[in-house]
Amino acid sequence: GIKMTIEPPKGLKQALLRAYLAFDDDWFHSCDKPREFHKMLFGLCFFHGLILERRGFGPVGWNVAYGFSEPDREISRQQLRNFLNEFEGVPYAALNYMGSEANYGGRVTDNQDRRAIITILQDFYTEKILDDDYKFSSSGIYYSPEAPSTLPATLEFIKSLPISTTPEVFNLHNNASLTAAINEGLYISKCCVGMMSSFGAASSADDDDEGVKQKTPEETYSEISADIFARVPEAFDLGFVLRTYPVRYDECLNTVLHMELGKFNRLLVRIKSTCSNLGKAVKGLVVFSPELEAVAEGCLLNSIPGPWMGVSYPSLKPMQSYVEDFLLRLKFMQGWIKDGIPYMFWFSAYFFQQAFLTGVLQNFARADKIAIDRCIWNFEVLKADFKPTDIPAKGAYINGMFMSGARWDDENMCVEDSFPKVLWSEMAPVWLKPVEVKDDSHDYDKLYNAPIYKTSERKGVLSTSGHSSNFIMYLAIPHSCNGVHNEAFWTKRGVALISQTDD
């Protein structure tokens, strides 16, 4: 049989044209409030095209690439007309809720994406859209045309819009287009490298004329696996750690250390055993299993093998960078075992950061005899050059995070726009301060709740806690140095913190 699909048009202008060409003239003039209807209808169609195009910017646009479709828009436009006809005024709150939580929001599974779509729709279902001077972007090119209007006049206005769009239309930084181009280039390169590795052995015979013998794939991955095996240390002595740092009621971080070391040992054993057996398999001493084939392919492609990822923390790094990062994490844990609880915790070092956060929170709750569900976090961002000389009286100092979509201004102590062509910047150290709910000192009107993710991919599997498996927590940080920006601005920018980079 033949299957037909309808793909959404590429580009904001084409999305608007497709929407308005499908409208019937009688329906277009069937609302009792023509001015409000025509203004908000254009806003709705613009919103529909905008959220589709944001998918091209990767995680900065949406954590998950949702399949928003024309039925979503059709339901919303019919709803818009019905609400305007049936209500005396314009029910902005009801329209926003139905659009962002039901019609479109029904597809959204990620909490941060849900927060973004609610914020974006509020720019179009707003009383401000009735003002002819209201613009959809800072360039001033995009706005809802004068209303009431006719269908042909609106189509003419749409045809006058630019064919190509810049990131500012989507409330994103100009670096977002660079991110999209890099992602596309990396995808193509990965496909090419995958094909090249399949023909690596065949090309080696052609080098005899030049007098240079090229290494065979077997020689290459044998050398790489042997090098990794030599660099990775032996597993931690959990018995010694348990005796040195026993389970104590007043120090929950000891339990966190035991749990983390157990996970590190699983990964250590997997890496060393597969690297050792890969060398033996090349010599014919052991069977070349699918697991070893995956490790061999990872060595050739410089990608993390599946057998390792099965017991590893999430990472998007190439294999060699992953091994370097893993060795740094082991060094941090070895320092903890040797020198005691660190003054500054490397937040990226853990398999499960939530366990560390719970341990710090539980220490505070037990010390002050407070129920842990009555404790919340307050945050204080410290200067970039801060070097602690002791453990804080309560909470913990953390570092090792990176900001994507914006940067931290260390001089003014707030979030600022990224520098051109700088895709991520290092975040300053943060003091995690547990407090009882009644002692919360944050002014949330001045703070942006920045989500922290384990990797730059941001998306993950929905866990039993209701959060993505890639999500760690929200970090409340000052959103504006001079009162220009607000939380909605950075939410639409897709600003987030990540615990590790991809390189």
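For every chain, the first residue of the written sequence is number 1, and numbering continues from 1 onward in sequence order. Only residues with pLDDT of at least 70 are given local features in this predicted model, and only at 80 or more are side-chain atom pairs given and counted; all residues enter the totals for whole chains, interfaces and linings. Water and hydrogen atoms play no part in the side-chain values, which are based on all heavy atoms of the structure.

1. Re the environment of V415
Quick reminder of the rule: Here a helix means four or more residues in a row that DSSP labels H or I, a strand means two or more in a row labelled E, and each is numbered from the N terminus. Exposure is judged per residue with a 1.4 Å probe applied to protein chains only, and the accessible area is read against the type maximum: over 50% gives exposed, under 20% gives buried, and values in between give partly exposed. The criterion used for residue contact is that any of the two residues' heavy atoms lie within 4.5 Å.
Inspection of the secondary structure puts V415 in strand β6 (residues 414-416). We classify V415 as buried; its relative accessible area is 1%. Separated by 289 residues in the primary sequence, V415 and T126 place their C-alpha atoms 27 Å from one another. Those residues within four positions of V415 in sequence are excluded, and the remaining contacts are M403, A406, R407, W408, I477, P478, H479, C481 and W490.

2. Let's talk about the packing of aromatic side chains
By convention here, two paired aromatic rings are described through the distance between centres and the angle between planes. To be explicit about the condition: The aromatic pairing rule takes the rings of Phe, Tyr and Trp, using the six-membered ring of Trp, and pairs them if the centres are within 6.5 Å, calling planes under 30 degrees apart stacked, those over 60 edge-to-face and the rest tilted. Only when the NZ atom of a Lys or the CZ atom of an Arg is both within 6 Å of the ring centre and within 35 degrees of the ring normal do we say a charge sits over the ring.
The final tally for this structure, using the stated rule, is 41 aromatic pairs. When the ring of F264 is compared with that of F351, the centres are 4.9 Å apart and the planes differ by 90 degrees; the resulting orientation is edge-to-face. Taken together, the positions of F264 in helix α11 (residues 253-282) and F351 in the loop between β1 (344-346) and α15 (353-368) put the pair 87 residues apart, joining distant regions of the chain. With respect to burial, F264 and F351 carry one shared label: buried. Just above the ring of F229 sits the side chain of K272; from NZ or CZ to the centre is 4.1 Å. The ring of F419 has R407 sitting right over it, with the charged end atom 4.0 Å from the ring centre.

3. What about the sheet that holds strand β4 (residues 402-404)?
Rules: If DSSP finds at least two bridges between two strands, the strands pair. Axis lines are fitted to C-alpha atoms, over the contacting stretch for helices. Their N-to-C directions set the angle, which ranges from 0 to 180 degrees.
Taken in spatial order, the five strands of this open sheet run β7-β4-β11-β9-β10, and their pairing is mixed. Whereas interior strands pair on both sides, the edge strands pair on one side only; in this sheet they are β7 (424-426) and β10 (471-478). Between one strand and the next, the sheet's axes are offset by a mean angle of 30 degrees, whatever the strand orientation. Relative to β7, β4 runs antiparallel, the two being bridged by three bridges. Bridge pairing in β7 places S404 opposite W424.

4. Quick word on the pairing of strand β2 (residues 375-381)
For a regular strand, the rule is simple: side chains alternate between the two faces of the sheet. Taken across its seven residues, β2 has five buried, putting it largely inside the fold. With seven bridges connecting them, β2 and strand β8 (residues 430-436) associate as antiparallel partners. Counterpart to E380 in the pairing with β8 is W431.

5. Here's the deal with the side chain of S404
Using the following cut-off: Each polar contact in these results corresponds to two N or O atoms within 3.5 Å; when the atoms are within protein, one needs to be able to donate a hydrogen and the other to accept it, and residues that are neighboring in sequence are counted only if both atoms are side-chain atoms.
With respect to the secondary-structure elements, S404 resides in strand β4. The exposure class assigned to S404 is buried, which follows from its relative accessible area of 14%. Here R458 takes part through its side chain, which lies 3.3 Å from a polar atom of the side chain of S404.

6. Overview of the packing of helix α9 (residues 217-231) against α11
A pair of packed helices is characterised by two quantities: the angle between their axes and the separation of those axes. Under the convention used in this document: Two helices that cross are described as forming a left-handed crossing if the nearer one is turned anticlockwise from the farther one by less than a right angle, and a right-handed crossing if clockwise.
Two elements in contact, α9 and α11, have axes separated by 9 Å at closest approach and are oriented at 145 degrees. Note on packing geometry: the crossing formed by α9 with α11 is left-handed. Residues E218, Y221, S222, S225, I228 and F229 of α9 lie in contact with α11, whose contacting residues are I271, K272, C275, S276, L278 and V282.

7. Some remarks on the pattern of salt bridges
Condition: Salt bridges, as used here, are contacts in which a Lys or Arg side-chain nitrogen is within 4 Å of a carboxyl oxygen on Asp or Glu.
The tally for this structure, following the rule as stated, stands at 21 salt bridges. For D417, the salt bridge is made with R493, and the minimal N-O distance between the two is 3.1 Å. Taken together, the residues span a long stretch of sequence, with D417 in the loop between β6 and β7 and R493 in helix α16 (residues 487-493) at a distance of 76 residues. Ionic pairing is found between K438 and D439, a salt bridge with its closest N-O pair at 3.5 Å. Given a relative accessible area of 60%, K438 falls into the exposed group. On the accessibility criterion, D439 (42% relative accessible area) is partly exposed. Overlapping salt bridges bring together R18, E70, R73, E74 and R77 as one network.

8. Remarks on the nonpolar core
General note: in soluble globular proteins, nonpolar side chains tend to be found buried as a group. Convention followed: Residue types Ala, Val, Leu, Ile, Met, Phe, Trp, Tyr and Cys, when buried and joined through side-chain atoms within 4.5 Å, form a set referred to as a nonpolar core.
By size, the foremost hydrophobic cluster in this structure holds 75 residues, and its most contacted members are W308, F345, F356 and M427. In terms of residues, this core owes the most to one element, α11, which gives eleven residues. Every residue in contact with W308, bar those within four places of it in the chain, is listed here: I228, L267, R270, I271, T274, C275, V295, M319, Y322 and V323. Formed by 54 residues, the second largest nonpolar core is a distinct cluster that contains F46, L80, F124 and L151.

9. As for the sheet that holds strand β3 (residues 396-399)
Taken together, four strands build an open sheet; the order of strands is β1-β3-β8-β2 and the sheet is mixed. At either margin of the open sheet sits one strand with a lone partner, and together these are β1 and β2. Neighbour-to-neighbour, the strand axes of this sheet turn through a mean angle of 35 degrees, independent of strand direction. Relative to β8, β3 is paired through three bridges, and the arrangement is antiparallel. What sits directly across from I398, in β8, is V430.

10. Description of the state of the cysteines
Here is the rule: Cysteine sulfur pairs qualify as disulfides if the two atoms are within 2.5 Å.
Tallying each qualifying case throughout the model produces one disulfide. Here C414 pairs with C481 through a disulfide, and the sulfurs are 1.4 Å apart. In this pair, C414 is assigned in strand β6 and C481 in the loop between β10 and α16, connecting sequence segments 67 residues apart. Accessibility expressed as a relative area gives 1% for C414, which makes it buried. You can call C481 partly exposed: its relative accessible area is 32%.

11. Observations regarding the packing of helix α5 (residues 92-103) against helix α6 (residues 111-121)
Threshold: The residue classification treats Ala, Val, Leu, Ile, Met, Phe, Trp, Tyr, Cys and Pro as nonpolar and Asp, Glu, Lys and Arg as charged. All others, Gly included, are polar.
Between α5 and α6, the shortest axis-to-axis distance is 9 Å and the interhelical angle comes to 145 degrees. Handedness of the crossing formed by α5 with α6: right-handed. From α5, L95, N96, G99, S100 and E101 reach across to α6, where they touch R114, I117, I118 and L121. Per-class residue counts for the contact of α5 with α6 are four nonpolar, three polar and two charged.

12. A few points about α9
Keep this limit in mind: One less than the number of residues in a helix, times 1.5 Å, gives the span that helix is expected to have.
For α9, which comprises 15 residues, the first-to-last C-alpha distance of 21 Å matches the rise-based estimate of 21 Å (1.5 Å per residue) to within 8%. Turning to α9, its buried residues number three or more, namely P217, Y221, S222, I224, S225 and I228. The inward-facing, buried residues of α9 contact α11, α12 (290-301), α13 (306-309) and α14 (319-339).

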